[in-house]
Amino acid sequence: MNVVKATIEDLDKAVDLAYDMQRHVNTRCRPLLADVSRHDLYERFKRYIRSDEHDILLVEKGGKLEGFSPVNVIEEDFYIAYTQGPYGYDYDAVSECLYNYLKENYPGYKLYVNTAKEHRLSIDFYENKGFRLEEEAQMLKLETCPYSYSDDHIEEINTCNRNLIFDWIEKHVDEDTYWNSNRISDNLERFIILGYFNEGIRGHIIGRGSNDYTEVIAFSGNPKVKEELLKVFISKAYEKNVNLIDLYSEDEFEASLGIKYGFDLYDNNLCYIKYF
């Protein structure tokens, strides 16, 4: 087997392979769900091929496509991740081929992979290769609706409080957290960040996303603080025309809080990390 980078001419065969596997819970690849359409897969993979920070790596044998995975590479951060995948007819063989390719071509990088608990082949592969399980989370979503709530203790990040909030964020990350305060500050337009202040900062919530979507990637505080933060966060998201919020959490209380305020549980995620 050998690895080559996909071009637009490879798009249809990659989509056909992925669409077949995506429909089955034990072979589908996060973050997509089993009901994704072929059209959506096509458009997504087309964007990857045209992106400067993405490639689609094809695994071929005798000219035949055996599997593939889109990857996201950020050179300045020595960061690489499977955006989805790997997809493969022979999962172990395809994964082994891609793993060896990345190990050889990206020394010193940190590889992030995400999968679902139903995808046992991927879990067994990562654990056998010595990947570390970084997170085991539940995924909840909320289609935002008109909601107006405020709390005098909660402030959105601004020039007056940003140092306090960033110092607080740094206390709640480790070396394997990609979105630390430095990277967030360089991409602030992509985030909704709230802090809870009461004789100093007592909690925070961070959402990361695009114009109409945000994913909660950090949440801190005692139960009362978290509840207030989530309510204000939903209001802020609505004000900013966000129509879908993802709540990504390892914490049972946070998941129950999401359900209390209208989120639906729809997926799970296991994040593994390996240093090359």
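Rules used throughout
Residues numbered from 1 in each chain as written. Predicted model: local features only at pLDDT ≥ 70, side-chain atom pairs only at ≥ 80, totals over all residues. Heavy atoms only, no water. Phe/Tyr/Trp six-rings, centres within 6.5 Å; stacked < 30°, edge-to-face > 60°. Buried < 20%, exposed > 50% of the residue type's maximum accessible area, 1.4 Å probe, protein only. Lys NZ or Arg CZ within 6 Å of the ring centre and 35° of its normal. Patch = residues over 30% accessible without salt bridge, like charges linked within 9 Å, V, L, I, M, F, W, Y side chains within 5 Å. Areas by Shrake-Rupley, 256 points an atom, 1.4 Å probe, with all protein chains shown as cover. Salt bridge = Lys/Arg side-chain N within 4 Å of Asp/Glu carboxyl O. Lys, Arg positive; Asp, Glu negative; His and termini not counted. Charge placed at Lys NZ, Arg CZ, Asp CG, Glu CD. Helix = DSSP H or I, 4+ residues; strand = E, 2+ residues; numbered from the N terminus.

**Structural notes on the packing of aromatic side chains**
- Taken as a whole, this structure holds 16 aromatic pairs when the rule is applied.
- Considering the side-chain rings of Phe125 and Tyr126, the 6.0 Å spacing of their centres and the 80° angle between planes classify their relative orientation as edge-to-face.
- On the accessibility criterion, Tyr126 (1% relative accessible area) is buried.
- Measuring from centroid to centroid gives 5.0 Å for Tyr126 and Phe131, while their planes differ by 50°, and the two rings are tilted. Side by side, Tyr126 and Phe131 carry an identical accessibility label, which is buried.
- Put simply, the rings of Tyr91, Tyr99, Phe125, Tyr126, Phe131, Tyr272 and Phe276 touch in pairs and so form one group of aromatic residues.
- In this structure, Arg23 is placed above the aromatic ring of Tyr19, and the distance from its NZ or CZ to the ring centre is 4.8 Å.
- Sitting over the face of the ring of Tyr266, Lys141 holds its NZ or CZ atom 5.1 Å from the ring centroid.

**So, a negative patch on the surface**
- A contiguous patch of negative charge, built from Asp52, Glu53, Glu75 and Glu76, is present on the exposed surface.
- Looking at the element boundaries, Glu75 is found in the loop between strand 3 (64–74) and strand 4 (79–82).
- Among the residues examined, Glu75 registers a relative accessible area of 58% and is labelled exposed.

**Considering unusual backbone geometry**
- For the peptide bond that leads from Arg30 to Pro31, omega is 10°, which places it in the cis range.
- Residues Gly85 and Pro86 are joined by a peptide bond in cis, for which omega reads 10°.
- Relative to the helices and strands, Pro86 is located in the loop between strand 4 and strand 5 (87–88).
- Notably, Phe78 is not glycine yet its phi reads approximately 50°, a positive angle.
- Within the element layout of this structure, Phe78 appears in the loop between strand 3 and strand 4.
- By relative accessible area, which is 44% here, Phe78 ends up partly exposed.
- Of note, the phi angle at Glu199 is positive, near 55°, even though the residue is not glycine.
- Secondary-structure assignment places Glu199 in the loop between strand 9 (191–197) and strand 10 (201–209).

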